[in-house]
Amino acid sequence: MPMIDPLGDMLTRIRNALMRNRTTVTTPASKLRKHVLEVLLEEGFIRGYSEKADAKGFKEFEIELKYFEGAPVISDIQRVSKPGRREYRKVRDLPLIQNGLGIAIVSTPKGVMSDAAARAENVGGEILCQVR
């Protein structure tokens, strides 16, 4: 059965692993997921990720989650733009998450980037998710 929202699935896997205090979580690989993981890595929300093959030969990402003093660095991760309702914003309307302590991940014509990078590039786009 095809997956309707692959990015939402990855965010849910991360959220569930953080609730169980897991150090790693695996998710099927895709280009969009890789770009979102790159932004999370650049912003310091995860330790890293690696691509490997599962038992059937399909590619998957193993994500290393980050903790600080026993608490997860990611306190909340939510999908904003969903398959049934997309959220597009101009550059001046991009949200500021927790006064800059969190990020919004935006898919722009120049690639997937954080809200701060989108403001610096002066581009808007689809708000994929918010991370706090």
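Right above here is the structure, for reference.
Heads up: these notes are all about the structure in this document. What you are looking at is a predicted structure, and each value in this text was computed from that prediction instead of being measured.

Conventions adopted
Residues numbered from 1 in each chain as written. Predicted model: local features only at pLDDT ≥ 70, side-chain atom pairs only at ≥ 80, totals over all residues. Heavy atoms only, no water. Helix = DSSP H or I, 4+ residues; strand = E, 2+ residues; numbered from the N terminus. Buried < 20%, exposed > 50% of the residue type's maximum accessible area, 1.4 Å probe, protein only. Phe/Tyr/Trp six-rings, centres within 6.5 Å; stacked < 30°, edge-to-face > 60°. Expected span 1.5 Å × (residues − 1). Arc of directions from axis to C-beta. Polar contact = N/O pair within 3.5 Å; in protein donor to acceptor, adjacent residues only side chain to side chain.

1. Quick word on unusual backbone geometry
- With a phi close to 50 degrees, Gln 98 is a non-glycine residue in the positive phi region.
- Among the secondary structure elements, Gln 98 is positioned in the loop between strand 7 (88-89) and strand 8 (103-108).
- You can call Gln 98 partly exposed: its relative accessible area is 45%.
- Of note in the backbone geometry, Asn 99 takes a positive phi value of approximately 55 degrees without being a glycine.
- Note on placement: Asn 99 falls in the loop between strand 7 and strand 8.
- Look at Asn 99 and you get exposed, because its relative accessible area is 73%.

2. With respect to the packing of aromatic side chains
- Inspection of every chain in the model, using the stated rule, returns one aromatic pair.
- Relative to Phe 61, the ring of Tyr 49 has its centre 5.5 Å away and its plane inclined at 90 degrees; by these criteria the two rings are edge-to-face. Linking Tyr 49 in strand 2 (residues 46-53) with Phe 61 in strand 3 (residues 59-65), this pair joins segments that are 12 residues apart in sequence.
- On the accessibility criterion, Phe 61 (1% relative accessible area) is buried.

3. So, helix 2 (residues 31-42)
- For helix 2, spanning 12 residues, the distance from its first C-alpha to its last is 17 Å, which sits close to the expected 16 Å at 1.5 Å a residue.
- Those residues of helix 2 that fall on the buried side of the exposure criterion are Arg 33, Val 36, Leu 37, Val 39 and Leu 40. Down the axis, helix 2 shows its buried residues gathered within 155 degrees of arc, on one side only. Exposed side of helix 2, more than 90 degrees from the buried face: Lys 31 and Glu 42 are the residues found there.
- The N-capping residue of helix 2, defined by a side-chain oxygen 3.3 Å from the backbone nitrogen of Arg 33, is Ser 30.

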